[in-house]
Structure formats: structure tokens, C-alpha cells
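Analysis of the macromolecular model
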Amino acid sequence: MADVFHRATDWEIVNDERIFRISWDDGAVSEYEWEAMRRACPCAYCAGEGAFAGSVNTETKFSEEQTTLKMVYPVGRYGLTPEWGDGHDTGIYTFKMLRRAAGLP
Ligand SMILES: [Zn+2]
């Protein structure tokens, strides 16, 4: 079976709820809490790469600035990059990963 590849058609930063909302091409809508999203940052610095364990884990305490979502930029046709309040913007969140995190196929 081919892997169905879904894309985000629209997204919205909801400041007063501190969530990020994505609308998908199949009509699904998913929401992500900013702090959980920051913790899941897949960049090499946060998540690690090779022998480097990464600097973020379940114990990491974030400041409010670090978990404030300022902007979100599209990356090619396969993902999104958030820019956080502290300027961190190296994580590429693929649509695949965002769908999986939301429990969507
Ligand atoms: Zn990161």
C-alpha cells in the first residue's frame, strides 16, 4: 500500500491558547500545544544526531520565551519550520511527523 502523503493547506498560531492549529488537505484539523511542540523539536541541537544525545529531553525546563511560537514558515512542500521566541528556528517539522503526532493517518 502506498503511503498517503498529506499536506497542510493552512495553519494558524493561536496566541491566547498557546496552540498551533493546522488544517490538512483531507479536511482534518490538528492542534499542538506550543511547549509540547518545542520539546519535540527534531533539529540536531535539540534531538541529537549520531553520538550527540541532544540538549532537550522530557526533563528540560523551557522559559516562556522558548515556548512562544512567533512565526511558522513552509519548508518546500513537505514541512514547516517554527520560529520560537528565543530565535530558535532550525527544526523542520515534516507533515508526516505532524500528522503522526496528532494521531492522523
Ligand atoms: Zn531544535
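Scroll up a little and you will see the structure.
Quick look at the structure, then. The residue numbers shown here count from 1 along each chain, following its written sequence. Under the rules for a predicted model, residues below a pLDDT of 70 receive no local features and side-chain atom pairs below 80 are neither given nor counted, while totals for whole chains, interfaces and linings still include all residues.

1. A few points about the overall build of the chain
For the record, the criterion: In this description a helix means any DSSP run of H or I spanning at least four residues, a strand means any run of E spanning at least two, and both kinds are numbered starting from the N terminus. Note that the radius of gyration is over C-alpha atoms, with the globule rule given as 2.2 Å times the number of residues to the power 0.38. The contact criterion used is a C-beta to C-beta distance within 7 Å, with each C-beta placed from the backbone.
The helix and strand tally for the chain stands at 3 helices and 6 strands. Sequence-ordered secondary structure for the chain, helices as α and strands as β, is β-β-β-α-α-β-β-β-α. The C-alpha atoms of the chain give 14 Å as radius of gyration, which agrees with the globular expectation for 105 residues (13 Å, within 12%). With respect to the three principal axes, the spread of C-alpha positions in the chain is 35 × 35 × 25 Å. For the chain, restricting intrachain contacts to residue pairs at least 6 apart in sequence, the fraction spanning at least 24 positions comes to 33%.

2. Overview of unusual backbone geometry
The cut-off we apply is this: Field definition: a residue is buried when 20 or more other C-beta atoms are found within 10 Å of its C-beta, exposed when 12 or fewer are, and partly exposed for counts in between, with C-beta atoms placed from the backbone.
The phi dihedral of Arg18 is positive, around 50 degrees, even though this residue is not glycine. The residue Arg18 is located in the loop between β1 (8-14) and β2 (19-24) in this model. Exposure remark for Arg18: the 15 C-beta atoms within 10 Å place this residue in the partly exposed category.

3. Observations concerning the sheet that holds strand β6 (residues 93-94)
So the rule is basically this: Two strands pair if DSSP finds at least two bridges between them.
Strand order in this open sheet of 3 strands is β4-β5-β6, and the pairing throughout is antiparallel. A strand with exactly one partner marks an edge of an open sheet, and here the two such strands are β4 (69-75) and β6.

4. Some remarks on the nonpolar core
As a reminder, the rule being used: Here, a nonpolar core means buried Ala, Val, Leu, Ile, Met, Phe, Trp, Tyr and Cys residues linked by C-beta atoms lying within 7 Å of one another.
Judged by nonpolar contacts, Phe20, Ile22, Tyr32, Trp34, Met37, Leu69, Trp84, Tyr93, Phe95 and Leu98 together constitute the single largest core of 10 residues. Broken down by secondary-structure element, the contributors of at least two residues to this core are β2, α1 (34-39) and α3 (95-101). When residues no more than four places from it in sequence are discounted, the contact partners of Leu69 are Ile13, Phe20, Trp34, Pro82 and Trp84.

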